[in-house]
There are 2 protein chains.
Amino acid sequence: MDNKLYLVIMAGGVGSRFWPVSRQNKPKQFLDIMGTGKSFIRHTYERFADYIPASNVLVVTNSAYADLVAEHLPELDRSQILCEPIGRNTAPCIAYAAFRLAALDPEATMIVTPADHLILDENEFRANIAECVEFARGNGSLMTLGIKPSRPDTGYGYIQISNREGISQVRTFTEKPNLTLAQSFVASGEFVWNSGIFVWQNTTILQELKNYLPGTFSLFWAEKELFNTPAEEEAIARIYPQCKSISIDYGVLEHSSQVYVRCCDFGWSDLGTWASLYQNSYKDEQGNSLDRGVITSNTTNCLVRTPEEKLAVIDGLDDYIVIDTDDVLLIYPKSKEQEIKQVTTRLQLEDGEKYL
Amino acid sequence: MDNKLYLVIMAGGVGSRFWPVSRQNKPKQFLDIMGTGKSFIRHTYERFADYIPASNVLVVTNSAYADLVAEHLPELDRSQILCEPIGRNTAPCIAYAAFRLAALDPEATMIVTPADHLILDENEFRANIAECVEFARGNGSLMTLGIKPSRPDTGYGYIQISNREGISQVRTFTEKPNLTLAQSFVASGEFVWNSGIFVWQNTTILQELKNYLPGTFSLFWAEKELFNTPAEEEAIARIYPQCKSISIDYGVLEHSSQVYVRCCDFGWSDLGTWASLYQNSYKDEQGNSLDRGVITSNTTNCLVRTPEEKLAVIDGLDDYIVIDTDDVLLIYPKSKEQEIKQVTTRLQLEDGEKYL
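Here's what I pulled together on the structure shown here. Note that the structure is predicted; figures quoted are calculated from it, not measured.

With that out of the way, let us pick up the interface of chain B and chain A. Each partner contributes residues to the interface: chain B has 32 residues there, and chain A has 32 residues. Linking chain B with chain A are six salt bridges. Note that Lys354 of chain B and Glu309 of chain A form a salt bridge whose closest N and O atoms lie 2.5 Å from each other. Elements that contribute at least two residues to the side of chain B that touches chain A include exactly strand E13 (294–297), strand E15 (311–315), strand E16 (320–324), strand E17 (328–333) and helix H11 (340–349) of chain B. For the side of chain B that touches chain A, the leading source of residues is E17 of chain B, giving six residues. Judged from the four bridges that link them, strand E15 (residues 311–315) of chain A and E17 of chain B form a sheet pairing that is parallel. Considered in E17 of chain B, the bridge of Leu311 of chain A is made with Val328 of chain B.

Pasting the structure below:
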């Protein structure tokens with residue numbers, strides 16, 4: 001256990017991309033969408049539990065999900081669940097955690113991780129994290145974990161690196177490139193995916209927030225005495241509406257000269273889409289990823305998810321996702337998944353909110 | 001009201017063909033599969049309610065469904081629900097009703113109808129029935145209602161007639177012909193579909209049962225004093241296991257010289273398959289028959305049925321049936337519907353009875 005090491009789990013996402021399984025009142029981080037028996041947030045917590053004490057974990061989430069966090073992580077005290085009144089992207093989220101940590105422990109080192117990613121090789125991951133912690137502490141740098149890309153995925157951010165192995169200084173950030181660009185990135189060997197997992201000393205991130213997001217920083221600074229006191233919630237209620245909504249990548253990392261990336265290969269996916277879930281699932285000889293109780297014939301390359309105890313009988317589908325929940329049935333070509341968003345938008349307009 | 005006119009509704013079917021909506025514990029006759037707001041058996045009852053008093057209605061069903069019948073037809077006394085301990089096809093069913101009627105009213109005229117057919121033109125139907133009643137009473141004949149065929153359907157029985165209009169003597173019966181034969185039948189103009197709806201005086205059918213099914217007849221005859229008494233149920237328990245399982249068509253109508261057919265055209269379907277339900281349903285411009293709450297794109301010629309309040313989002317299907325129930329989801333090409341039976345058979349073998 002390293003008592004100066006703190007874990008910040010970002011769990012505020014409303015995650016509509018696994019609709020209709022994910023819902024506004026139960027987004028992805030609280031789901032066991034892989035069927036492992038544990039939610040994503042639970043897996044995220046346990047991934048660090050061997051070396052970060054439960055008392056050193058903070059979860060930043062929307063206040064609407066505080067009870068869900070407490071339910072999934074009963075080891076935490078309610079004070080460790082940092083509630084955002086509204087979502088303002090990752091920069092204010094990390095600023096909030098940093099000001100809380102500053103009040104708790106001036107020597108804190110912070111690991112920031114999304115609550116809902118898939119990581120397959122946990123030993124490799126742990127070794128990478130340890131290396132990043134050491135580097136961040138030794139050099140006062142902002143460490144990002146970059147993922148060796150296995151394909152020209154256009155859904156991820158790319159980081160240009162200077163060394164292909166180990167730790168290197170970051171050259172450029174590119175958000176979701178088009179396919180041609182992604183292909184050239186992957187071919188060059190000079191780019192890694194941005195995992196959204198970061199390691200830094202709390203003093204470093206506070207300094208860089210001050211340098212590159214002075215407006216946001218000063219909002220928090222003005223109330224800094226109130227963090228880790230009963231008045232913190234009211235302070236946050238004053239601060240958040242005034243914060244600019246911006247990611248830590250855009251707001252700080254793209255500007256700071258302290259940013260380094262560790263090139264990693266620990267079997268990572270942000271599982272942002274049904275197709276990526278399919279990619280990471282066990283598939284039978286017909287290429288189908290099926291729940292129990294699904295009987296198929298002439299069916300190939302499909303992802304089928306059904307409620308427990310439900311029987312599904314399917315014939316003649318290729319490359320479809322079939323997602324059945326208590327109140328929504330989705331049957332959609334896997335390759336057209338991005339269009340589902342149009343459906344949910346339409347539902348919003350047409351009084352279909354209860355299905356979102 | 002015609003007090004000598006009695007209606008016998010045959011409602012014993014276990015009807016697996018609308019699986020997974022129809023179930024062993026709730027077969028088709030008790031379902032509102034067309035979404036009209038009323039079950040098939042209720043529609044059947046109401047079709048006659050203007051001119052047959054409720055007290056003149058008998059329903060023959062399996063004892064397992066007696067409560068369901070009472071629930072759907074609260075106008076009936078429990079004594080009007082004739083319970084078969086086991087299914088023995090239509091000849092014993094009609095014999096049972098005939099012996100009950102013999103005890104009730106020696107001058108009864110019986111209309112026999114399945115509980116689960118679709119009839120669109122109820123006025124035309126009523127006029128045809130009236131004509132058949134008059135003819136049956138005047139001539140002591142066994143009247144069947146034949147349907148002018150609109151296509152060479154291989155799922156129906158065909159009756160060869162001598163006159164193309166009105167009432168004519170029956171020349172031949174042919175059960176479910178192959179397609180070539182069905183095509184020649186329809187082309188000839190000499191054949192009508194056998195609707196399974198019959199009209200006869202009770203004395204006539206009893207006489208013909210005696211002539212052509214003497215074994216079955218004598219089983220009932222031996223207990224005839226017990227019909228319409230408290231001992232009837234025990235008598236039936238003795239009779240039924242000894243009865244040969246045979247249809248009234250095979251057992252009596254194909255042999256009797258008293259059989260006449262009324263050539264009818266009242267918009268009839270036995271709705272024996274999802275495809276026939278699709279055929280008889282309202283379809284949108286894309287040829288889809290959809291429940292409320294179904295959103296489709298690039299989807300044509302599909303039948304989609306979902307539970308109330310459930311949303312379905314479907315893209316890219318053509319000529320499919322999608323049937324979603326609380327515990328079963330069926331996605332199947334409409335043209336391959338007959339294969340679903342193999343699935344239900346497999347379920348029977350593999351401990352899946354609860355889904356049947």
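Next comes the rest of the write-up.
Placing chain B over chain A gives an RMSD of 0.1 Å and needs a rotation angle of 179°, together with 0.1 Å of translation along the axis. As the rotation angle and translation indicate, the two copies are arranged about a two-fold axis. Identified as the residue of chain B closest to the rotation axis by C-alpha distance is Asp326 of chain B, at 4.0 Å. The overlap is high: 100% of the interface residues of chain B also sit at the interface in chain A, so the same surface is used on both sides.

Turning our eyes to something else, we now look at the packing of helix H3 (residues 90–104) of chain A against helix H7 (residues 214–221) of chain A. All names here are of chain A. In contact at an axis separation of 10 Å, H3 and H7 are set at 35° when each is read in the N-to-C sense. When you trace H3 past H7, the crossing you get is right-handed. Contacts between H3 and H7 involve Pro92, Ala95, Tyr96 and Phe99 on the former and, on the latter, Thr216, Phe217, Phe220 and Trp221. For the contact of H3 with H7, the residue count by class is seven nonpolar, one polar and no charged.

The subject of this paragraph is the sheet that holds strand E17 (residues 328–333) of chain A. Hydrogen bonding along the main chain pairs the strands of a sheet, whether they run parallel or antiparallel. Here six strands make up an open sheet; going across it, the order is E12(A)-E14(A)-E16(A)-E17(A)-E15(B)-E13(B) and the pairing mixed. With one partner strand each, in any of the chains shown, strand E12 (289–290) of chain A together with E13 of chain B form the two edges of the open sheet. Relative to strand E14 (residues 303–305) of chain A, E12 of chain A runs parallel, the two being bridged by two bridges. Residue Ser289 of chain A lies in a different strand from E14 of chain A, and its bridge partner there is Leu303 of chain A.

Counted under the stated rule, the structure contains 40 aromatic pairs over all chains. Each ring, one from Tyr156 of chain A and one from Trp268 of chain A, has its centre 4.9 Å from the other, and the planes form 50°; the classification is tilted. In this pair, Tyr156 of chain A is assigned in the loop between strand E6 (142–147) and strand E7 (158–161) and Trp268 of chain A in strand E11 (residues 268–269), connecting sequence segments 112 residues apart. For the residue pair Tyr156 of chain A and Trp268 of chain A, the accessibility class agrees, reading buried in each case. With a centroid separation of 5.7 Å and 35° between ring planes, the pair formed by Phe99 of chain B and Phe227 of chain B is classed as tilted. Of this pair, Phe99 of chain B sits in helix H3 (residues 90–104) while Phe227 of chain B is found in the loop between helix H7 (214–221) and helix H8 (232–239), placing the two residues 128 residues apart along the sequence. Taken individually, Phe99 of chain B and Phe227 of chain B each receive the classification buried, so the pair is uniform in this respect. Each residue in the set Tyr96, Phe99, Phe217, Phe220, Trp221, Phe227 and Tyr240 of chain A is aromatic and connected to the rest through ring pairs, giving one cluster. One Lys or Arg, Arg47 of chain A, reaches over the ring of Phe125 of chain A and ends 6.0 Å from the middle of that ring. The ring of Tyr278 of chain A has Lys334 of chain A sitting right over it, with the charged end atom 3.7 Å from the ring centre.

This brings us to helix H1 (residues 40–48) of chain A. Residues and elements named next belong to chain A. Most of H1 sits out of view: seven of its nine residues are buried. The complete set of buried residues in H1 reads Phe40, Ile41, Arg42, Thr44, Tyr45, Arg47 and Phe48. Against strand E1 (5–10), strand E2 (57–62), helix H2 (66–72), strand E4 (109–114), strand E5 (118–119) and helix H4 (122–139) lie the buried residues of H1.

Right, let's get into the nonpolar core. Among the nonpolar cores identified, the biggest contains 46 residues, and Ile94, Met110, Trp200, Ile205, Phe220, Ile248 and Leu253 of chain A are the most heavily contacted of them. Broken down by element, the residue count for this core peaks at nine residues, all from H3 of chain A. Among residues more than four places away in sequence, those in contact with Met110 of chain A are Tyr6, Val8, Ile94, Ala97, Ala98, Leu101, Phe198, Val199, Trp200, Asn202 and Ile205 of chain A. Formed by 45 residues, the second largest nonpolar core is a distinct cluster that contains Val170, Leu206, Leu219 and Ile248 of chain B.

Rules behind the numbers
Residues numbered from 1 in each chain as written. Chains lettered and ligands numbered in written order. Predicted model: local features only at pLDDT ≥ 70, side-chain atom pairs only at ≥ 80, totals over all residues. Heavy atoms only, no water. Contact = heavy atoms within 4.5 Å. Salt bridge = Lys/Arg side-chain N within 4 Å of Asp/Glu carboxyl O. Helix = DSSP H or I, 4+ residues; strand = E, 2+ residues; numbered from the N terminus. Pairing = 2+ DSSP bridges. Least-squares fit on C-alpha atoms with pLDDT ≥ 70 in both. Axes fitted to C-alpha atoms, helices over the stretch in contact; angles between N-to-C directions. Left-handed = near helix turned anticlockwise from the far one by under 90°. Nonpolar A, V, L, I, M, F, W, Y, C, P; charged D, E, K, R; others polar. Phe/Tyr/Trp six-rings, centres within 6.5 Å; stacked < 30°, edge-to-face > 60°. Buried < 20%, exposed > 50% of the residue type's maximum accessible area, 1.4 Å probe, protein only. Lys NZ or Arg CZ within 6 Å of the ring centre and 35° of its normal. Core = buried A, V, L, I, M, F, W, Y, C linked by side-chain atoms within 4.5 Å.

So yeah, pure geometry; function would need other evidence.
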